[in-house]
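Take a look at the letters that make up each chain.
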Amino acid sequence: MVMGGSPPDDGEFRIGPYRVVRHVAQGGMGAVYQVEEPSTGQHYALKLAANRRQDEERFDRIHRALAAIDHPGIMRSHRCGTTPDGRRFMLFDFVSGTPAQVFAKSMGTPGTVDRTAAVVTVGIHLGEALDHLHGRGIIHRDVKSANVLVRGGRSAGLIDFDSAGQPRRPRQQGRGVGGSTKPPPP
């Protein structure tokens with residue numbers, strides 16, 4: 001079965017040129033799949049828009065912001081495109097891990113030294129990733145335990161940038177909306 005193209009000769013499920021390994025998640029913007037690049041065997045996460053009317057500008061904005069990021073705690077976007085049937089997709093690093101809340105619960109009773117140390121370590125990694133984003137003018141706007149994956153070594157990976165934004169620069173004194181150069185009132 002194929003989404004976004006003609007059926008491949010091998011009968012595998014594909015989205016465009018990518019072989020689908022498994023469905024990972026379903027969200028408001030679309031579905032996420034673990035896919036394999038046939039020519040390299042490398043695995044990625046592919047977010048496929050829910051429908052053909054999905055906001056093209058939004059996909060492009062998220063892709064541009066994440067393509068420029070190089071941080072171990074933030075998934076990078078490698079490609080943004082359109083399938084032959086007109087649905088937008090983004091190809092990201094595949095981040096494997098456990099959602100933060102599930103990880104914390106697996107560490108035992110709240111307040112124990114081991115659980116506290118594990119949660120603090122994850123929090124530090126998350127803070128470093130957010131600091132990296134904020135330093136580049138990107139605000140995640142949906143930080144929650146489901147969007148933080150804990151990997152081996154207790155490192156945190158931030159995912160799901162559907163709500164991410166780049167806030168406007170603060171207005172400079174003497175400049176109003178539209179670039180006015182009138183001096184401020186006395």
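All values reported here derive from a predicted model rather than from experimental measurement.

**Section: the confidence of the model for the protein**
Of all residues in the protein, 81% have pLDDT values of 70 or greater, and the mean over the chain is 81. Contacts of residues 4-8 to residues separated by more than four positions or lying in other chains number eight contacts, the stretch itself having pLDDT below 50.

**Examining the sheet that holds strand S9 (residues 148-150)**
Read across the sheet, three strands follow the order S8-S9-S10 without closing on themselves; strand pairing throughout is antiparallel. In this open sheet, the two strands that pair with only one neighbour each are strand S8 (98-99) and strand S10 (156-158). Looking at chain direction, S8 and S9 are connected through two bridges and run antiparallel. The residue bridging threonine 98 from the neighbouring strand is valine 150, located in S9. Strand contacts of helix H3 (residues 113-135): S9 and S10, with the helix running at about 35° to S10, the strand carrying the most contacts.

**A closer look at the side chain of arginine 88**
By secondary structure assignment, the location of arginine 88 is in strand S7 (residues 88-93). Here threonine 82 takes part through its side chain, which lies 2.7 Å from a polar atom of the side chain of arginine 88. Non-local contacts of arginine 88, meaning those with residues more than four positions away in its chain, are made with Lys47, Leu48, Ala49, Glu56, Phe59, Asp60, Cys80, Gly81 and Thr82.

**Focus on unusual backbone geometry**
Only a minority of non-glycine residues have a phi that is not negative, and only a minority of peptide bonds are not trans. Here arginine 141, not a glycine, exhibits a phi torsion of approximately 65°, which is positive. Take arginine 141: it is sitting in the loop between H3 and S9. The phi angle at aspartate 160 is positive, at roughly 60°, despite the residue not being glycine. Topologically, aspartate 160 is positioned in the segment after S10.

**As for the pattern of salt bridges**
The final tally for this structure, using the stated rule, is seven salt bridges. A salt bridge links arginine 19 to glutamate 36, with the nearest nitrogen and oxygen atoms 2.9 Å apart. Of this pair, arginine 19 sits in strand S3 (residues 18-26) while glutamate 36 sits in strand S4 (residues 30-36), and the two are 17 residues apart along the sequence. With a relative accessible area of 19%, glutamate 36 lands in the buried category. The salt bridge partner of lysine 47 is aspartate 160, with a shortest N-O separation of 3.8 Å. One end of the pair, lysine 47, is in strand S5 (residues 43-49); the other, aspartate 160, is in the segment after S10, with 113 residues separating them in the sequence. Among the charged side chains, a salt-bridge network with shared partners connects Glu12, Arg14, Arg19 and Glu36.

**Regarding the pairing of strand S6 (residues 77-82)**
Relative to S7, S6 runs antiparallel, the two being bridged by five bridges. Residue pairing across strands places threonine 82 opposite arginine 88, the latter belonging to S7. Taken together, S6 and the strand that follows it, S7, pair antiparallel across an intervening segment of five residues, in which glycine 86 is found at a positive phi of about 90°.

**Focus on the packing of aromatic side chains**
Overall, the coordinates contain two aromatic pairs when judged by the stated rule. Here the aromatic rings of phenylalanine 13 and tyrosine 33 are separated by 6.0 Å at their centres, their planes lie at 70°, and the arrangement is edge-to-face. One end of the pair, phenylalanine 13, is in the loop between strand S1 (2-3) and strand S2 (14-15); the other, tyrosine 33, is in strand S4, with 20 residues separating them in the sequence. Ring centres of tyrosine 18 and phenylalanine 89 lie 6.2 Å apart, and the angle between their planes is 65°; this geometry places the pair in the edge-to-face category. With tyrosine 18 in strand S3 and phenylalanine 89 in strand S7, this residue pair connects regions lying 71 residues apart in the sequence. Given a relative accessible area of 3%, tyrosine 18 falls into the buried group.

**So, the side chain of arginine 14**
Positionally, arginine 14 belongs in strand S2. Residue arginine 14 is classed as buried on the basis of its relative accessible area of 15%. At 3.4 Å, the side chain of arginine 14 forms a polar contact with the backbone oxygen of proline 17.

Analysis parameters
Residues numbered from 1 in each chain as written. Predicted model: local features only at pLDDT ≥ 70, side-chain atom pairs only at ≥ 80, totals over all residues. Heavy atoms only, no water. pLDDT = per-residue confidence, 0-100. Contact = heavy atoms within 4.5 Å. Pairing = 2+ DSSP bridges. Helix = DSSP H or I, 4+ residues; strand = E, 2+ residues; numbered from the N terminus. Axes fitted to C-alpha atoms, helices over the stretch in contact; angles between N-to-C directions. Polar contact = N/O pair within 3.5 Å; in protein donor to acceptor, adjacent residues only side chain to side chain. Salt bridge = Lys/Arg side-chain N within 4 Å of Asp/Glu carboxyl O. Buried < 20%, exposed > 50% of the residue type's maximum accessible area, 1.4 Å probe, protein only. Phe/Tyr/Trp six-rings, centres within 6.5 Å; stacked < 30°, edge-to-face > 60°.

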